[in-house]
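# A structural walkthrough
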Amino acid sequence: MGLFSEEPRESDADVVETPASLWILLAVNGIPLIGVLFFGWDLGLVLMLYWAESAVLLFFSLVKLAITSGRAAFALIPFFVVHAGMFMGAHLLFLLVLFVEEPSGGWSTLLRDIAIVLPAFVISHGYSFFANFRRRGESFKGHGDVMAAFYKRIVVMHLTIIFGAFLTFGLGSPVWAVVLLVALKTGIDGWSHLRERQRHSKAEAAVEAPTPS
């Protein structure tokens, strides 16, 4: 090899692009951290905010389902709403029974705090939807793939949150433990986001690849 020969480089297909949607997701996930450190947010509020975020994920999954399913969406969307709604309803009941206590200002205070922060999560997931699904054209293999993508993302997130919540609650919910829960959720969420981008970009490449003659 010559002295000035170029080092072998990864092909474009091997380079993993870090989408802007990841940085927005990480920035928005920092909001609960600020709330815990500077505004006295407790474990219950953080958990309820994350539950509300899963409803945002469901909304954009329903939009993807409507776009990819054509006329079948008229039957698939109600089914998906009921099925995912039961899953999320059970999760909400679990949180309310075990971890969420009525705030000193009443439930309206908790709902107000969630309503203030939730638009940031809508912006984050909305940007990801338009940047990755609409503009980059990430593809799905069918309506089943859209629903599976939602459950893969949401189950991992919920299990992480529940595990972290039990650990935090068992420690007496000190601030540092709630901060660790937020950091754990943020890390898992970022990892899931990148895996989802990689998975559906590969699906897109497979669809566009020419068929060998």
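Quick look at the structure, then. Since we're looking at a predicted model, the values are computed, not measured.

Calculation notes
- Residues numbered from 1 in each chain as written.
- Predicted model: local features only at pLDDT ≥ 70, side-chain atom pairs only at ≥ 80, totals over all residues.
- Heavy atoms only, no water.
- Phe/Tyr/Trp six-rings, centres within 6.5 Å; stacked < 30°, edge-to-face > 60°.
- Buried < 20%, exposed > 50% of the residue type's maximum accessible area, 1.4 Å probe, protein only.
- Axes fitted to C-alpha atoms, helices over the stretch in contact; angles between N-to-C directions.
- Helix = DSSP H or I, 4+ residues; strand = E, 2+ residues; numbered from the N terminus.
- Parallel < 35°, antiparallel > 145°, perpendicular 65-115°, else oblique.
- Contact = heavy atoms within 4.5 Å.
- Nonpolar A, V, L, I, M, F, W, Y, C, P; charged D, E, K, R; others polar.
- Core = buried A, V, L, I, M, F, W, Y, C linked by side-chain atoms within 4.5 Å.
- Expected span 1.5 Å × (residues − 1).

On to the packing of aromatic side chains, then. Tallying each qualifying case throughout the model produces twelve aromatic pairs. Residues Phe59 and Phe60 carry aromatic rings whose centres are separated by 5.1 Å and whose planes lie at 75 degrees to one another, so their mutual orientation is edge-to-face. Consider the rings of Phe129 and Phe130, whose centres lie 5.0 Å apart with planes at 80 degrees: the pair is edge-to-face. Taking the relative accessible area as the measure of exposure, Phe130 reaches 52% and is therefore exposed. Taken together, the ring pairs in this structure connect Phe59, Phe60, Phe129, Phe130 and Phe133 into an aromatic cluster.

Okay, the packing of helix H1 (residues 20-38) against helix H4 (residues 107-135) next. Relative placement of two packed helices is described by the angle separating their axes and the distance separating the axes. Two elements in contact, H1 and H4, have axes separated by 9 Å at closest approach and are oriented at 170 degrees. Judged by the angle between their axes, H1 and H4 are roughly antiparallel. Taking contact as the criterion, the partners of Ala20, Ser21, Ile24, Leu25, Val28, Asn29, Ile31 and Pro32 in H1 are, on H4, Val117, Ala120, Phe121, Ser124, Tyr127, Ser128 and Asn132. Of the residues in the contact of H1 with H4, the class split is ten nonpolar, five polar and no charged.

Ranked by internal contacts, the top residues of the largest apolar core, which has 45 residues, are Trp41, Val46, Leu47, Leu58, Phe80, Ile114 and Phe150. When residues of this core are traced back to their parent elements, those giving at least two are H1, helix H2 (43-69), helix H3 (73-98), H4, helix H5 (143-170) and helix H6 (175-208). If you tally residues by element for this core, the top one is H2, at 15 residues.

This paragraph deals with H5. Spanning 28 residues, H5 covers 40 Å between terminal C-alpha atoms, matching the ideal 40 Å at 1.5 Å per step. Gly172 occupies a position one or two residues after H5 and carries a positive phi of about 90 degrees.

Function cannot be read off these values alone, since they describe shape.
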